[in-house]
Amino acid sequence: MNAPADNAVLDRAERQSQVVAALQPLLPQGALLWHAEETTPYECDGLTAYRQRPLVVALPESEGQVQAVLKACHALGVPVVARGAGTGLSGGAMPHGLGVTLSLAKFNAIRKVDPVSRTAVVQCGVRNLAISEAAAAYGLYYAPDPSSQIACTIGGNVAENSGGVHCLKYGLTVHNVMKVRGFTAEGEPVEFGSDALDIPGYDLLAILVGSEGMLAVATEVTVKLVPRPQLARCIMASFDDVRKAGDAVAAVIAAGIIPAGLEMMDKPMTAAVEDFVHAGYDLTAEAILLCESDGTPEEVEEEIGRMSAVLRNAGATALSVSRDEAERLRFWSGRKNAFPASGRISPDYMCMDSTIPRKRLADILLAIQEMEKKYGLRCANVFHAGDGNLHPLILFDANDADQLHRCELFGADILETSVAMGGTVTGEHGVGVEKLNSMCVQFSGEELEQMRALKAAFDPAGLLNPGKVVPTLNRCAEYGKMLVRGGRIAHPDLPRY
């Protein structure tokens, strides 16, 4: 009766021995891990609800070693999952149980900072914040600033097309990267983009950025740098109603103002972060907005005045404007620490990442409040309000199987509702394994087939990060049946399964 399980264990052990024998000669001593106690730390990324121990973990130190590992794995038909710092929140770096996790943590060198061309050439394992630190001596910095920027790597940012609190004015990763070098699944060198402002032919760089490690393994990135503004000031605006706060976001943009940052937090989130970092948030407010202006002192003064007027007209009950750099950083400290603050009030959380039209911010917040009652779980909300990117954090206990199940249903409901409101299932965290079912809701079978065809053009054998991002049609069909069995039907205006 136990034969199938025993055979599975035997098959895994045999496969592991085969892979170890093939890769050991290609890497330095200690750069190949396969014992359980060595590989367990790699079993998940920031989405801790789902785990899988990899067959083997490879830690190459040079591009030649990356190429050799990829060639060996391709010859053996072994899946490869590239991994940076493991800060991703959608399970994009979750290992394949019979595959190799390719850790690029040792690729942490900054090759060049060029103040004349305002670019930096960095290895994929360089931390996001480290780029700005290296460029600071020239009065420059790298604009995309995810909340995890102290730890996340530029390679991971490229994989997920990360944004950050200043993405409204300065753009996402795709707008701030000029060139990416790396290797295909077969180990062939490949280069996307160029040092020039544009290149002939298809914009393959834009295809690679956000492809979640499915098309190629990036090893080196050329990023754009921008001048550090002379001054930045932040408005903290309080609202006694979430609809007023949501409408205020739309009003700011409608006034022709593009703030450097425009973020929104609801009352549960402000309470969590205020207890953690003491940012000075108004705990009586139903929602607060953080609106930042940067530029010359004259530009900032004028824009702060305009934004303050718009916010007051939209119903702000209180406004505070940072008086100095220390206070500005304190205002932002709460937003930047929203995720760790949530970890202090709940054993686990699942951070969703949908995007909706700005005018529907209040609608989705009110819908989430109803979902809290429906699923019996709390949810704290923080938004990149300026571009409609939601980050609802569903609080639960992963040790309770029923809570995990309800959390999954809650998350799927948020994503489907976002799509029904004219949005999409992901903004900057990627699809990974977390949103596979929701992809079935947003995209038709024909659209998903086109995505699979693009994947096959780069990786015919399907070895790079398999089982992620693009669901199979069978999976979509099963998901549709599950919803029907559960008495839940996706929004009528969404694609059918």
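Residues numbered from 1 in each chain as written. Predicted model: local features only at pLDDT ≥ 70, side-chain atom pairs only at ≥ 80, totals over all residues. Heavy atoms only, no water.

*Asks:* I'm lost on the overall build of the protein chain in this one. Help?
*Replies:* If you tally the helices and strands in the protein chain, you get 18 helices and 18 strands. Scaling as 2.2 N^0.38, a compact globule of 497 residues should have a C-alpha radius of gyration of about 23 Å, and the protein chain matches this with 23 Å. Once the C-alpha set of the protein chain is aligned to its principal axes, its extents read approximately 70 × 60 × 45 Å. Burial statistics for the protein chain: of 497 residues in total, 53% are counted as buried. (Helix = DSSP H or I, 4+ residues; strand = E, 2+ residues; numbered from the N terminus. Rg over C-alpha atoms; globule rule 2.2 N^0.38 Å. Buried < 20%, exposed > 50% of the residue type's maximum accessible area, 1.4 Å probe, protein only.)

*Asks:* Would you take a moment to explain the nonpolar core for this structure?
*Replies:* Taken as a class, soluble globular proteins show a tendency for nonpolar side chains to be buried jointly. If you look at the biggest cluster of nonpolar residues, it comprises 85 residues, and the most contacted ones within it are Ile 131, Val 223, Leu 225, Leu 289, Leu 311 and Phe 410. When residues no more than four places from it in sequence are discounted, the contact partners of Leu 225 are Val 113, Arg 118, Thr 119, Ala 120, Ile 131, Ala 135, Leu 140, Tyr 141 and Tyr 142. One finds Val 19, Val 66, Cys 73 and Val 80 within the second-largest nonpolar core, a separate group that totals 29 residues. (Core = buried A, V, L, I, M, F, W, Y, C linked by side-chain atoms within 4.5 Å. Contact = heavy atoms within 4.5 Å.)

*Asks:* Help me understand the UniProt feature "domain: FAD-binding PCMH-type" (unreviewed entry) in the protein chain, please; the structure alone is not making it clear to me.
*Replies:* Look at the UniProt record and you will see "domain: FAD-binding PCMH-type" (unreviewed entry) annotated at residues 50–228. Summarising residues 50–228: 23% helix, 25% strand, and an end-to-end C-alpha distance of 40 Å. (UniProt positions renumbered as here; feature names shortened; annotations may be inferred.)

*Asks:* Is there a simple way to think about the side chain of His 429 in this case?
*Replies:* Within the fold, His 429 resides in the loop between helix H15 (401–420) and helix H16 (436–442). Those residues within four positions of His 429 in sequence are excluded, and the remaining contacts are Leu 89, Ser 90, Glu 160, Phe 339, Cys 351, Met 352, Asp 353, His 391 and Lys 435.

*Asks:* Teacher, can you tell me more about the sheet that holds strand E3 (residues 80–83) here?
*Replies:* In a beta sheet, neighbouring strands are held together by backbone hydrogen bonds and run either parallel or antiparallel to one another. Judged by pairing direction, the sheet is mixed, and its four strands sit side by side in the order E1-E2-E4-E3 without closing on themselves. Since the sheet does not close on itself, it has two edges, and those belong to strand E1 (32–33) and E3, each with one partner. Inspection of the sheet shows E1 paired to strand E2 (residues 56–58) by two bridges, in the antiparallel sense. Counted as the bridge partner of Leu 32 is Ala 58 from E2. Across the sheet, helix H3 (residues 63–76) lies against E3 and strand E4 (100–103), angled at about 170° from E4, the strand it touches most. (Pairing = 2+ DSSP bridges. Axes fitted to C-alpha atoms, helices over the stretch in contact; angles between N-to-C directions.)

*Asks:* Looking at this structure, I do not really get the packing of helix H9 (residues 242–254) against helix H14 (residues 361–375). What am I missing?
*Replies:* Two quantities define a packed helix pair, namely the angle between the axes and the distance from one axis to the other. Viewed as axis vectors pointing N to C, H9 and H14 meet at an angle of 150°, and their least axial separation amounts to 7 Å. Taken as axis vectors, H9 and H14 run roughly antiparallel relative to one another. For the pair H9 and H14, contact is made by Val 242, Arg 243, Gly 246 and Val 249 and by Leu 361, Ala 362, Asp 363, Leu 365, Leu 366 and Gln 369, respectively. Of the residues assigned to the contact of H9 with H14, the class counts are six nonpolar, two polar and two charged. (Parallel < 35°, antiparallel > 145°, perpendicular 65-115°, else oblique. Nonpolar A, V, L, I, M, F, W, Y, C, P; charged D, E, K, R; others polar.)

*Asks:* I'm lost on a nonpolar patch on the surface in this one. Help?
*Replies:* Residues Tyr 202, Leu 204, Ile 207 and Leu 454 make up a contiguous nonpolar surface patch of roughly 390 Å² in combined accessible area. Within the secondary structure, Leu 204 is located in helix H8 (residues 204–208). The class for Leu 204 is partly exposed, based on a relative accessible area of 34%. (Patch = residues over 30% accessible without salt bridge, like charges linked within 9 Å, V, L, I, M, F, W, Y side chains within 5 Å. Areas by Shrake-Rupley, 256 points an atom, 1.4 Å probe, with all protein chains shown as cover. Salt bridge = Lys/Arg side-chain N within 4 Å of Asp/Glu carboxyl O.)

*Asks:* Honestly, the sheet that holds strand E10 (residues 217–224) in this entry has me stumped. Any pointers?
*Replies:* Read across the open sheet, the five strands follow the order E5-E6-E10-E8-E9; overall the sheet is antiparallel. Whereas interior strands pair on both sides, the edge strands pair on one side only; in this sheet they are strand E5 (110–114) and strand E9 (189–193). Strand after strand, the sheet turns through a mean of 10° between neighbouring axes, direction not considered. In this sheet, E9 lies alongside strand E8 (residues 177–183) in antiparallel orientation, the contact comprising five bridges.

*Asks:* Before we go on, may I ask you to explain the state of the cysteines in this structure?
*Replies:* Among covalent bonds in proteins, the disulfide is the one between the sulfur atoms of two cysteines. Counting across every chain of the model gives one disulfide. Covalent S-S linkage joins Cys 440 and Cys 476, the inter-sulfur distance amounting to 2.2 Å. For the disulfide bridge between Cys 440 and Cys 476, the dihedral angle about the S-S bond is near -80°, and by the sign convention the bridge is left-handed. With Cys 440 in helix H16 and Cys 476 in helix H18 (residues 473–485), this pair connects stretches of sequence that are 36 residues apart. Under the relative-accessibility criterion, Cys 440 is labelled buried at 1%. Counting only cysteine sulfurs, Cys 234 is the nearest neighbor of Cys 291, a cysteine outside any disulfide, at a range of 7.1 Å. Summary of cysteine pairing: Cys 351 is not part of a disulfide, and the nearest cysteine sulfur, belonging to Cys 379, is at 9.0 Å. Accessibility expressed as a relative area gives 3% for Cys 351, which makes it buried. (Disulfide = S-S within 2.5 Å.)

*Asks:* Where do I start with the environment of Tyr 141 in this structure?
*Replies:* Along the polypeptide, Tyr 141 turns up in strand E7 (residues 140–141). On the basis of relative accessibility, which here comes to 12%, the residue Tyr 141 falls in the buried class. Sequence separation of Tyr 141 and Arg 118 is 23 residues, and the distance between their C-alpha atoms is 9.1 Å. Filtering out sequence-adjacent residues up to four positions away, Tyr 141 remains in contact with Ser 132, Ala 135, Tyr 170, Leu 225, Val 226, Pro 227, Arg 228 and Pro 229.

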